[in-house]
Amino acid sequence: MMGDGDLRMLGARDGLVSGLLAVRAEIHARAYYPIDPRYTRKIAAREAILRPLRDVEKRIVESLDAVKLAYEKSLQPHPTASGHG
């Protein structure tokens, strides 16, 4: 049975995944339209928009990894709860 903490971690994970999908959709929408390589100002402008989005994507992935580790750790039995004693 899941406790409140487990449900909160799953909720946090769901929120992070939703945010990650939104950020990746925005990156994809902006990053993959063709720009002629001679238009360096357009490329620089696109990169100025994409850089913060990629930073946010990186932080979300790191947070998602941290939540995943915490959730996996919460599923492991506590060492003192072995039933001996």
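Just above, that's the structure.
Residues numbered from 1 in each chain as written. Predicted model: local features only at pLDDT ≥ 70, side-chain atom pairs only at ≥ 80, totals over all residues. Heavy atoms only, no water.

1. Description of the overall build of the protein
The secondary structure content of the protein amounts to two helices and zero strands. Split into buried and exposed, the 85 residues of the protein put 18% on the buried side. Taking as baseline every contact in the protein between residues at least 6 positions apart, the subset at least 24 positions apart corresponds to 65%. On the protein, roughly 6900 Å² of surface is accessible, and the fraction owed to carbon and sulfur atoms is 59%. (Helix = DSSP H or I, 4+ residues; strand = E, 2+ residues; numbered from the N terminus. Buried < 20%, exposed > 50% of the residue type's maximum accessible area, 1.4 Å probe, protein only. Contact = heavy atoms within 4.5 Å. Areas by Shrake-Rupley, 256 points an atom, 1.4 Å probe, with all protein chains shown as cover.)

2. Topic: the packing of helix 1 (residues 4-31) against helix 2 (residues 40-75)
Contact pair helix 1 / helix 2: the axes reach a minimum separation of 9 Å and the direction vectors enclose 160 degrees. By the angle between their directions, the pair helix 1 and helix 2 is classed as roughly antiparallel. Seen from above, helix 1 lies across helix 2 with left-handed handedness. (Axes fitted to C-alpha atoms, helices over the stretch in contact; angles between N-to-C directions. Parallel < 35°, antiparallel > 145°, perpendicular 65-115°, else oblique. Left-handed = near helix turned anticlockwise from the far one by under 90°.)

3. Concerning the pattern of salt bridges
Pairs can form between side chains of opposite charge once their charged atoms are near each other. Within this structure, the stated rule accounts for four salt bridges. For E57, the salt bridge identified is with R24, shortest N-O distance 2.6 Å. Of this pair, E57 sits in helix 2 while R24 sits in helix 1; the two residues are 33 residues apart in sequence, bridging distant segments of the chain. A relative accessible area of 42% places R24 in the partly exposed class. With its nearest N and O atoms 2.5 Å apart, the salt bridge here joins R30 to E26. A residue pair is termed a helical-turn pair when its members lie 3 or 4 positions apart in one helix, as R30 and E26 do in helix 1 at four residues. Residue E26 is classed as partly exposed on the basis of its relative accessible area of 31%. (Salt bridge = Lys/Arg side-chain N within 4 Å of Asp/Glu carboxyl O.)

4. Focus on helix 1
Between the first and last C-alpha of helix 1 there are 40 Å, a value that for 28 residues agrees with the 40 Å anticipated at 1.5 Å per step. Its buried side turned inward, helix 1 meets helix 2. (Expected span 1.5 Å × (residues − 1).)

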